[in-house]
Structure formats: C-alpha cells, structure tokens
Amino acid sequence: MKKRLRKKLGMGEYRELGFELSGNLIEMDEEQGDAVFQRFVALVDSFDMYCGGAWDDKGFDLYVATGLVGTQNAERRETFLNQFKEFKEVSDFKAGDLQ
C-alpha cells in the first residue's frame, strides 16, 4: 500500500495508539471541578497527547491518545498515570491497556 494511503487511513507507521481512562471524582463545588479539569488538560498537554470523552462533576470516561506507533507510548502512558494518581480529587480510576 502506498505511503499516502497508509497515512490517510492511519495504518502501519501512521497508526495512533491510546488507552481508555475512567473513574470517579470526590464531591466538590463547580470551581474546584473546573480547576481539576484544567489541571488534567494541562497534564495531557504536557505529554503531547490528546483525549476525548465525557467529564462531569461525578466522574469521567475518556480515551487518551498517546501518539503514533514507535513514539515511546508505553513509557509515556505509565509516566502520565503516575502523575495522574497524585490528583487528590480523583477517588478511583481505571486505565485500560494501550491499544
């Protein structure tokens, strides 16, 4: 398959990896919730990743894209999760495998 078509279809070396992330938040007011969300976005940004999904005042259900194949995805995922564990406002969370 030609390089241009592989890139367009996100195949081979252009395939992006990511993982599912879901969890619950402790009870807090709206300002605190917004601050936690902004810290989360800054953390995702600092690892040059992006995410999509749902985030509300009770919890979150997200897909976090770590980047293209061959860009140290597993190490970045582990480092990200270790820093995310430090969020005191997150009561519990579950991270899926890198896919």
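Criteria and thresholds
- Residues numbered from 1 in each chain as written.
- Predicted model: local features only at pLDDT ≥ 70, side-chain atom pairs only at ≥ 80, totals over all residues.
- Heavy atoms only, no water.
- Helix = DSSP H or I, 4+ residues; strand = E, 2+ residues; numbered from the N terminus.
- Buried < 20%, exposed > 50% of the residue type's maximum accessible area, 1.4 Å probe, protein only.
- Areas by Shrake-Rupley, 256 points an atom, 1.4 Å probe, with all protein chains shown as cover.
- Expected span 1.5 Å × (residues − 1).
- Arc of directions from axis to C-beta.
- Contact = heavy atoms within 4.5 Å.
- pLDDT = per-residue confidence, 0-100.
- Phe/Tyr/Trp six-rings, centres within 6.5 Å; stacked < 30°, edge-to-face > 60°.
- Lys NZ or Arg CZ within 6 Å of the ring centre and 35° of its normal.
- Pairing = 2+ DSSP bridges.

J.: Any details on the overall build of the chain? Residues and values, ideally.
T.: Secondary structure summary: the chain contains three helices and four strands in total. The order of helices and strands in the chain, counted from the N terminus, is α-β-α-β-β-α-β. By its C-alpha atoms, the chain is 50 × 20 × 20 Å across when sized along the principal axes. The buried share among the 99 residues of the chain stands at 30%. For the chain, the computed accessible surface area is about 6900 Å², with 49% contributed by carbon and sulfur atoms.

J.: An account of helix α3 (residues 73-84) is needed here, citing residue identities and associated values.
T.: With 12 residues, α3 extends 16 Å between its outermost C-alpha atoms, agreeing within 8% with the 16 Å of an ideal straight helix rising 1.5 Å per residue. For α3, the full list of buried residues reads N73, R76, R77, F80, L81 and F84. End-on view of α3: buried residues confined to an arc of 130 degrees, all on one side of the axis. On the buried face of α3, the contacting elements are β1 (16-25), α2 (30-46), β3 (59-68) and β4 (90-95).

J.: I'd like to hear about the confidence of the model for the chain, residue by residue, with values.
T.: Low pLDDT marks stretches whose predicted atomic positions should not be read closely. With 92% of its residues at a pLDDT of 70 or more, the chain has an overall mean of 90. The weakest mean pLDDT in the chain belongs to helix α1 (residues 3-9) at 70; the strongest belongs to β4 at 97.

J.: Got a sec to walk through the packing of aromatic side chains? Specific residues and values, please.
T.: Taken as a whole and assessed by the stated rule, the structure comprises 11 aromatic pairs. Here the aromatic residues F19, F37, F40, F47, W55, F60, F80, F84, F87 and F93 are joined through ring pairs into a cluster of three or more. Note that R39 overlies the ring of F87, its terminal NZ or CZ placed 4.2 Å from the centroid. One Lys or Arg, R77, reaches over the ring of F19 and ends 5.1 Å from the middle of that ring.

J.: Describe the pairing of β1, naming the residues involved and giving the relevant values.
T.: Direction of pairing for β1 relative to β3: antiparallel, over a ladder of nine bridges. Residue G18 lies in a different strand from β3, and its bridge partner there is A65. Judged from the five bridges that link them, β1 and β4 form a sheet pairing that is antiparallel. Across the sheet, residue S22 finds its bridge partner in β4, namely K94.

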